[in-house]
Amino acid sequence: MSPIFQRAAREWAAMRYEYGDYLEAHIASAYDATNSVLLNPRGRAAGVSEERLFLAGGAFAAAYASEELREFWAARPRLTVEAFETAWAERLYATDREELPEHWHTAA
C-alpha cells in the first residue's frame, strides 16, 4: 500500500476518533443544559435518535430538536464531522507546511 495513502488513512482514523470524543462530550453537555430534553414531540414521535440530531444536517436537526437544544446550540454550536475534519486538516497542513523543505511549498 502507498505510504502516502497509509498516512492519510491514519490521520483520518485519528480525526474520527477525536470527533467521537468531541461528539460524546458535546451531547453530554447538551443533556446537562437541557435537562435531558433534546428532542421535540415530533422527533420523539418519529423515533429520531438523539445522537442523530448531532450528526444530521442543520435542517433535520432544527426540525426535531427541542427548543432547549436549539438554545444550547445557539450558545455552543455543534460541529459536523465535515467541519471538524476541515479544522483538523487545516491544523495538519499548517504543521506539515512548516516541516516541508522550502522548495516543496507552492505559492498560495
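Residues numbered from 1 in each chain as written. Predicted model: local features only at pLDDT ≥ 70, side-chain atom pairs only at ≥ 80, totals over all residues. Heavy atoms only, no water.

**Regarding the overall build of the protein chain**
Operational definition: Put simply, DSSP H or I for four residues or longer makes a helix, DSSP E for two residues or longer makes a strand, and each gets a number counted from the N terminus. Categorising residues by exposure relies on relative accessible area from a 1.4 Å probe, with only protein chains included: less than 20% of the type maximum marks a residue as buried, more than 50% marks it as exposed, and the intermediate range marks it as partly exposed.
Scanning the protein chain from terminus to terminus reveals six helices and zero strands. In sequence order, the secondary structure elements of the protein chain are arranged as α-α-α-α-α-α. Taken across its 108 residues, the protein chain has 29% of its residues classed as buried.

**Points about the packing of aromatic side chains**
Heads up, the rule is: Classification of ring pairs uses Phe, Tyr and Trp, with its six-membered ring standing for Trp, and accepts pairs whose centres are within 6.5 Å; under 30 degrees between planes counts as stacked, over 60 as edge-to-face, and the remaining range as tilted. Distance and angle both matter: a charge sits over a ring if NZ of Lys or CZ of Arg is within 6 Å of the ring centre and within 35 degrees of the ring normal.
Under the definition given, this model contains five aromatic pairs. Ring plane angle 65 degrees and centroid distance 5.2 Å describe the contact between Tyr19 and Phe84, whose orientation is recorded as edge-to-face. Of this pair, Tyr19 sits in helix H1 (residues 3-34) while Phe84 sits in helix H6 (residues 81-99); the two residues are 65 residues apart in sequence, bridging distant segments of the chain. For Tyr19, a relative accessible area of 3% gives the class buried. On the basis of relative accessibility, which here comes to 11%, the residue Phe84 falls in the buried class. Geometry around Trp88 places Arg91 over its ring, the cationic atom sitting 4.7 Å from the centre.

**Structural notes on the layout of surface pockets**
Quick reminder of the rule: Points on a 1 Å grid, built from protein atoms alone, make a cavity when a 1.4 Å probe fits but cannot get out and make a pocket when they are open with protein on both sides within 12 Å along at least 5 of 7 lines; residues with an atom within 4 Å of a point are the lining residues. Grid points are joined across faces, edges and corners, and a volume is the space filled by probe spheres set on the points.
The space that makes up the largest pocket amounts to roughly 340 Å³. Along the walls of the largest pocket sit 13 residues, with Arg7, Ala8, Glu11, Leu92 and Tyr93 positioned nearest its centre. Elements supplying a minimum of two residues to the lining of the largest pocket: H1 and H6. Counting residues per element, the lining of the largest pocket draws most heavily on H1, at seven residues.

**Focus: the packing of H1 against helix H5 (residues 67-75)**
Heads up, the condition is: Fitted lines through C-alpha atoms give the axes, limited to the stretch in contact for helices. The angle between two N-to-C directions lies from 0 to 180 degrees. Each angle gets one of four labels, with under 35 degrees taken as roughly parallel, over 145 as roughly antiparallel, 65 to 115 as roughly perpendicular, and the rest as oblique. Crossing chirality is assigned from the near helix's rotation relative to the far helix, an anticlockwise turn below a right angle marking it left-handed and a clockwise turn marking it right-handed. A contact between two residues is defined here by any heavy atoms of the two lying within 4.5 Å.
Where H1 meets H5, the axes come as close as 9 Å, and the angle between the chain directions of the two elements is 120 degrees. Between H1 and H5, the angle falls in the class oblique. For the pair H1 and H5, the sense of crossing is right-handed. Taken together, the residues of H5 that come into contact with H1 (itself represented by His26, Ser29, Ala30, Ala33 and Thr34) are Glu68, Leu69, Phe72 and Trp73.

**Structural notes on the nonpolar core**
Using the following cut-off: We call a set of buried Ala, Val, Leu, Ile, Met, Phe, Trp, Tyr and Cys residues a nonpolar core when their side-chain atoms join them within 4.5 Å.
In this structure, Leu53, Phe54, Leu69 and Trp73 are the most contacted members of the largest nonpolar core, which totals 20 residues. If you list the elements that add at least two residues to this core, you get H1, helix H3 (50-55), helix H4 (58-64), H5 and H6. Among the elements that line this core, the one with the most residues is H1, at six residues. Not counting the four nearest positions on each side in its chain, Leu53 is found in contact with Leu38, Leu39, Val48, Ala61, Tyr64, Ala65, Leu69, Trp73 and Arg78.

**Let's talk about the side chain of Ser66**
To keep things clear, this is the line we draw: The term polar contact refers here to a pair of N or O atoms within 3.5 Å; inside protein, the definition further demands a hydrogen-donor-capable atom paired with an acceptor-capable atom, and it admits residues adjacent in sequence only when both atoms are side-chain atoms.
If you trace the backbone, Ser66 turns up in the loop between H4 and H5. A polar contact is formed between the side chain of Ser66 and the backbone nitrogen of Leu69, at a distance of 3.0 Å. Here Ser66 is in contact with Val37, Leu38, Leu39 and Asn40, once residues within four sequence places are set aside.

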